[in-house]
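Here is how the chains run, residue by residue.
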Amino acid sequence: MKFRAKIVDTACLNHFTRVSNMIAKLAKTCTLRISPDKLNFVLSDKVANGGVSMWCELEQENFFSEFQMEGVSAENNEIYLELTSENLSRALKTAQNARALKVKLTNKHFPCITVSIELLSVSSSSRVVTHDIPVKVIPRKLWKDLQEPTVPDADVSIYLPVLKTMKSVVEKMKNISNHLELHNVCIVRAAGKASPASPVFRASYCTLHAEGLLSGEFLSPCAQALSSLHC
């Protein structure tokens, strides 16, 4: 098995770091799935037992300027690694304003993901910070438990307000109630025209309306809707 990749674009590096930080907050350990065209972070805890289940997919061509991998075999050209989420998140904290980030599967008496960060320097010489993150190679027989989940088709799909705004509101609502309801309503104006779908969040006696949101298929991950919030 072989794997090496490199990120040189600052925006891609920051995005990759944010993904790592998010996963570290969700679970202590995660699975890194490496395939020829994608990286996946997988959490497969049982939701019924209070765990978190997640499938995070990163297209390698959108993040990495260099990407090489060889899987377990030609027929099973994938690599599954179990690692501690916080270790990866801590390693990437030193990557702020870095010139480049290299990730490589190595063997340091035990399997490791080696993260090498090339830092900017005032002088002409560059500084490289290296982190060796221990990993556990997941055998082929366990891969069936780490496959992409089947998500049922939604009856209605909408673009939610800016996540930072939602987070602020939900964090305040948690002091009112332990439960939060989301209702999707279509408001009819006096002229007889229906406004775009407007989700309504209710927690106890507090209600939040988000108006003017787009509804329909998720045509573009970058699509945004102008919305106004009032509580």
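The coordinates are above.
Notes on the structure in this doc start here.

Parameters and conventions
- Residues numbered from 1 in each chain as written.
- Predicted model: local features only at pLDDT ≥ 70, side-chain atom pairs only at ≥ 80, totals over all residues.
- Heavy atoms only, no water.
- Helix = DSSP H or I, 4+ residues; strand = E, 2+ residues; numbered from the N terminus.
- Buried < 20%, exposed > 50% of the residue type's maximum accessible area, 1.4 Å probe, protein only.
- Contact = heavy atoms within 4.5 Å.
- Areas by Shrake-Rupley, 256 points an atom, 1.4 Å probe, with all protein chains shown as cover.
- Core = buried A, V, L, I, M, F, W, Y, C linked by side-chain atoms within 4.5 Å.
- Pairing = 2+ DSSP bridges.
- Axes fitted to C-alpha atoms, helices over the stretch in contact; angles between N-to-C directions.
- 1 Å grid on protein atoms, 1.4 Å probe; cavity = no way out; pocket = protein on both sides within 12 Å on 5 of 7 lines; lining within 4 Å.
- Points joined across faces, edges and corners; volume = space filled by probe spheres on them.
- Nonpolar A, V, L, I, M, F, W, Y, C, P; charged D, E, K, R; others polar.
- Phe/Tyr/Trp six-rings, centres within 6.5 Å; stacked < 30°, edge-to-face > 60°.

## Section: the overall build of the protein chain
A count of helices and strands for the protein chain gives four helices and 13 strands. Of all 231 residues assigned to the protein chain, the portion counted as buried reaches 35%. The contacts of the protein chain with a sequence gap of at least 6 include a subset with a gap of at least 24, amounting to 52%. For the protein chain, the exposed area adds up to about 14,800 Å²; of that, 52% sits on carbon and sulfur atoms.

## A few points about the nonpolar core
In terms of nonpolar packing, the biggest core is built from 39 residues, with Phe 3, Phe 16, Ile 34, Leu 39, Phe 41, Leu 101 and Ile 113 touching the most fellow members. Looking at which element gives the most residues to this core, the answer is helix α1 (residues 10-26), with five residues. Setting aside its immediate chain neighbours within four residues, Phe 16 contacts Ile 7, Leu 39, Phe 41, Leu 58, Phe 63, Phe 64, Leu 92 and Leu 101. Trp 55, Tyr 80, Trp 143 and Leu 146 belong to the second largest nonpolar core, which has six residues in total.

## Focus: the sheet that holds strand β3 (residues 38-44)
Strand order in the open sheet made by the nine strands is β4-β3-β2-β6-β9-β8-β7-β1-β5, with antiparallel pairing throughout. Edge strands, defined here as strands with exactly one partner in the open sheet, are β4 (53-59) and β5 (66-70). Ignoring which end each strand starts from, the neighbouring axes of this sheet average 25° apart. The pairing of strand β6 (residues 79-84) with strand β9 (residues 127-137) spans three bridges and is antiparallel. When the sheet's bridge partners are listed, Glu 82 is paired in β9 with Lys 136. Sheet strands in contact with helix α3 (residues 85-93) are β2 (29-34), β3, β6, β7 (98-107), β8 (111-119) and β9, and its direction is about 80° off that of β6.

## Concerning empty space enclosed by the protein
For the coordinates displayed, the defined rule picks out one cavity of 30 Å³ or more. Counted as a void, the largest cavity has a volume near 80 Å³. When contributions to the lining of the largest cavity are tallied by element, the ones reaching two or more residues are β3, α3 and β8. In the lining of the largest cavity, the residues fall into twelve nonpolar, no polar and no charged.

## Let's talk about the environment of Ser 116
You can see Ser 116 is positioned in strand β8. Residue classification places Ser 116 among the buried positions, given a relative accessible area of 19%. Separated by 14 residues in the primary sequence, Ser 116 and Thr 130 have C-alpha atoms spaced 4.4 Å apart. Once residues within four sequence positions are removed from consideration, Ser 116 is found in contact with Ala 100, Leu 101, Lys 102, Val 128, Val 129 and Thr 130.

## A few points about the pairing of strand β1 (residues 2-7)
The pairing of β1 with β5 spans five bridges and is antiparallel. Opposite Lys 6, over in β5, you have Glu 66 as the bridge partner. The pairing of β1 with β7 spans four bridges and is antiparallel. Paired with Lys 6 across the two strands is Lys 102, which belongs to β7.

## Quick look at the packing of aromatic side chains
A complete count under the given rule lists six aromatic pairs for this structure. Ring centres of Phe 63 and Phe 64 lie 6.5 Å apart, and the angle between their planes is 45°; on these two criteria the pair is classed as tilted. A relative accessible area of 8% places Phe 64 in the buried class. Taking 5.5 Å as the distance between ring centres and 50° as the angle between the ring planes, the aromatic pair formed by Phe 64 and Phe 67 counts as tilted. Classification of Phe 67 as buried rests on a relative accessible area of 16%. Site record: aromatic cluster; members linked through ring pairs are Phe 3, Phe 16, Phe 41, Phe 63, Phe 64 and Phe 67.

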